[in-house]
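Residues per chain, in single letters:
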Amino acid sequence: MPSSTFTAAVLRTPARRLAATAVATALAAGPVALAAAVPAAATGDHGGTSSAVVLRTGLDVSLLNKTVNVPLKVALNEVQAPASAEKTALTVKLDGVEGGHPVSVLQAEVAKAQATVDDHKAEGFTQLVHAKVHVPGLPLLSLIEVDQVTSKALCEAGKKPVAESNLLGSVTVLGKKVTLTAGGTTEVKVPGVGDVSLGLSNTSTTSTTAAASALQLKVSVNPLKLNVAEVNGEVTLAGATCEAPKAPASTPPASAKPADDVKPQGAKADKPVAAEQAPAKGDLAETGGNSLTPYIAGGAIVLLVAGGGGVAMARRGRSRA
């Protein structure tokens, strides 16, 4: 008898352990199922951009002793977000021009360009203080001299973009002081030197973008010095651009309660279904369950099988006793 009792106890113990293990497995699977059912939050590129440049040239330099043009396409402190630059001088070297010596294109006390962007706004900003611009063939005569110019392009998500430029102090073109006209062009002609057409505060905006430049010059000079016959092209001072980030998507408000006039398919018009009789949205019996139904059903099956196995082993132990 003692040996039979001991045998039954040994048989019951594995059965209980099996059932306990099954329960623990099902409980451990629950959090895993919930974690898999919840989507991860997504973060991505909001699309905002900005840029800034202190000086940009697109010039063609014709030489006296050659039949070719030497391009002068350079930029000072050209940046794209996120970046900034504060170089105050630009010197280039062109083959066959000014005896092979470097050409000083721009000199300034302050030449700053900044471009920033984040989830809410994009902004480009430039500032130029006490600046002189030269072109090849005219080393002693400035193409243009300015006291101070600034440009800003600001694009905020969901708001109208802003583009603005400001010119402070005097402007001198080919040695002549000029008064610029806002919204138009100013023509400067110097006999024996050339012509310059200036556009002041050129700005433009769309629903999502903005662009600004403080000064745009169309240049046509014929210095006939230092092996330079003609210089033609454009010069831009203090340029800034931006494109607004995408506005965050608005989440529609959740419905406070289900509609009262919803009827099941095939129901007669004289027998409306009361709203309070409809099952709650979270009820598994409404449409067969939700996304967690397979995990719940699987846990139930594991518990059922484990319980049945435990009972069978216990009965077998008793019959042997």
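Counting from 1, residues in each chain are numbered in the order their sequence is written. Local features in this predicted model are restricted to residues of pLDDT 70 or higher, and side-chain atom pairs are both shown and tallied only at a pLDDT of 80 or more, whereas totals for entire chains, interfaces and linings draw on every residue. As a rule here, side-chain values come from all non-hydrogen atoms in the structure, and water together with hydrogens is ignored.

1. Quick look at the overall build of the protein chain
Helix and strand content of the protein chain: two helices and 15 strands. Sorting the 321 residues of the protein chain into buried and exposed places 33% on the buried side. Whether two residues touch is decided by their heavy atoms; if any such pair falls within 4.5 Å, the residues are in contact. Of the contacts formed within the protein chain by residues at least 6 apart in sequence, a portion of 59% connects residues at least 24 apart. Accessible surface computed for the protein chain: about 19300 Å², of which carbon and sulfur atoms make up 57%. Only DSSP runs of H or I with at least four residues qualify as helices, and only runs of E with at least two residues qualify as strands; both kinds are numbered from the N terminus onward. The buried label goes to any residue with under 20% of its type's maximum accessible area, the exposed label to any with over 50%, and the partly exposed label to all in between, with areas taken from a 1.4 Å probe on protein chains only. Residue burial considers only the protein chains on display, and all accessible areas are found by Shrake-Rupley using a 1.4 Å probe.

2. Overview of the pattern of salt bridges
What counts as a salt bridge is simple: a side-chain nitrogen of Lys or Arg found within 4 Å of a carboxyl oxygen of Asp or Glu. Following the criterion strictly, the structure yields three salt bridges and no others. For E164, the salt bridge goes to K152, with nearest N and O atoms at 3.7 Å. A residue pair is termed long-range when its members are at least 10 positions apart, and E164 in strand β10 (residues 162–173) and K152 in strand β9 (residues 144–156) qualify at 12 residues. The class for K152 is partly exposed, based on a relative accessible area of 24%. For K159, the salt bridge goes to E156, with nearest N and O atoms at 3.9 Å. Among the residues examined, E156 registers a relative accessible area of 28% and is labelled partly exposed.

3. Considerations on unusual backbone geometry
In the segment running from A81 into P82, the intervening peptide bond is cis, with an omega of -10 degrees. Among the secondary structure elements, P82 is positioned in the loop between β4 (79–80) and β5 (83–85). For L174, which is not glycine, the phi torsion reads 50 degrees and is therefore positive. Assignment of secondary structure puts L174 in the loop between β10 and β11 (176–178). Of the residues examined, L174 reaches a relative accessible area of 5% and is grouped as buried. A positive phi is found at N227, a non-glycine position, where the angle reads about 70 degrees. Turning to its location among the elements, N227 is positioned in the loop between β14 (209–221) and β15 (228–243).

4. Thoughts on the side chain of S213
Secondary-structure assignment places S213 in strand β14. If sequence neighbours within four positions are ignored, S213 has contacts with S151, S165, S201, N202, T236, L237, A238 and G239.

5. Describing the pairing of β15
Both strand β1 (residues 49–63) and β15 contribute to a ladder of 14 bridges, which runs antiparallel. In the strand pairing of β15, S62 is matched with E230. The hairpin turn running from β14 into β15, its antiparallel successor, is six residues long, and L224 in that turn takes a positive phi close to 55 degrees. Here, strands pair whenever DSSP counts at least two bridges between them.

6. What to know about the side chain of S151
Relative to the helices and strands, S151 is located in strand β9. In this structure S151 comes out as buried when scored by relative accessible area, which is 1%. As used in this structure description, the phrase polar contact means that two N or O atoms lie within 3.5 Å; if the pair is within protein, one of them must be able to donate a hydrogen and the other to accept it, and residues adjacent in sequence are counted only when both atoms belong to side chains. Of the polar contacts made by the side chain of S151, one reaches the backbone nitrogen of A214; its length is 3.1 Å. Look past the residues within four positions of S151 in its chain and what remains in contact with it is G124, F125, T126, E164, S165, A212, S213, A214, A238 and A240.

7. Notes on the environment of P139
Residue placement: P139 occurs in the loop between β8 (121–133) and β9. By relative accessible area, which is 42% here, P139 ends up partly exposed. For the pair P139 and V105, spaced 34 residues apart in sequence, the C-alpha separation works out to 9.2 Å.

8. Quick look at the pairing of β1
Where burial is concerned, most of β1 is hidden: 11 out of the 15 residues are buried. Of the pairings in the sheet, the one linking β1 to β4 comprises two bridges and is antiparallel in character. Counterpart to S51 in the pairing with β4 is Q80. Relative to strand β3 (residues 75–76), β1 is paired through two bridges, and the arrangement is antiparallel. Bridging from a neighbouring strand, R56 pairs with A75 of β3. With antiparallel pairing between neighbouring strands as the criterion, β1 and strand β2 (residues 69–72) make up a hairpin whose turn holds five residues.

9. Here's the deal with the environment of P245
Following the sequence through the fold, P245 ends up in the loop between β15 and α2 (293–320). Relative accessible area serves as the criterion here: at 4%, P245 is assigned to the buried category. Separated by 124 residues in sequence, P245 and K121 have C-alpha atoms that sit 6.1 Å apart.

10. Considering the environment of T186
Along the chain, the position of T186 falls in strand β12 (residues 185–190). Its relative accessible area of 12% is what places T186 among the buried residues. Along the backbone, T186 and S197 are 11 residues apart, and their C-alpha atoms lie at a distance of 5.7 Å.

11. Structural notes on the confidence of the model for the protein chain
Per-residue confidence from the predictor is given as pLDDT, running between 0 and 100. When pLDDT is averaged along the protein chain, the result is 75; 62% of the residues meet or exceed 70. The secondary structure element of the protein chain with the lowest average pLDDT is helix α1 (residues 2–37), at 40, and the one with the highest is β8, at 97. The low-confidence segment residues 1–44, where pLDDT is below 50, has 21 contacts with residues more than four positions distant or belonging to other chains. Counted against residues more than four places away or in other chains, residues 271–287, with its pLDDT under 50, gives 10 contacts.

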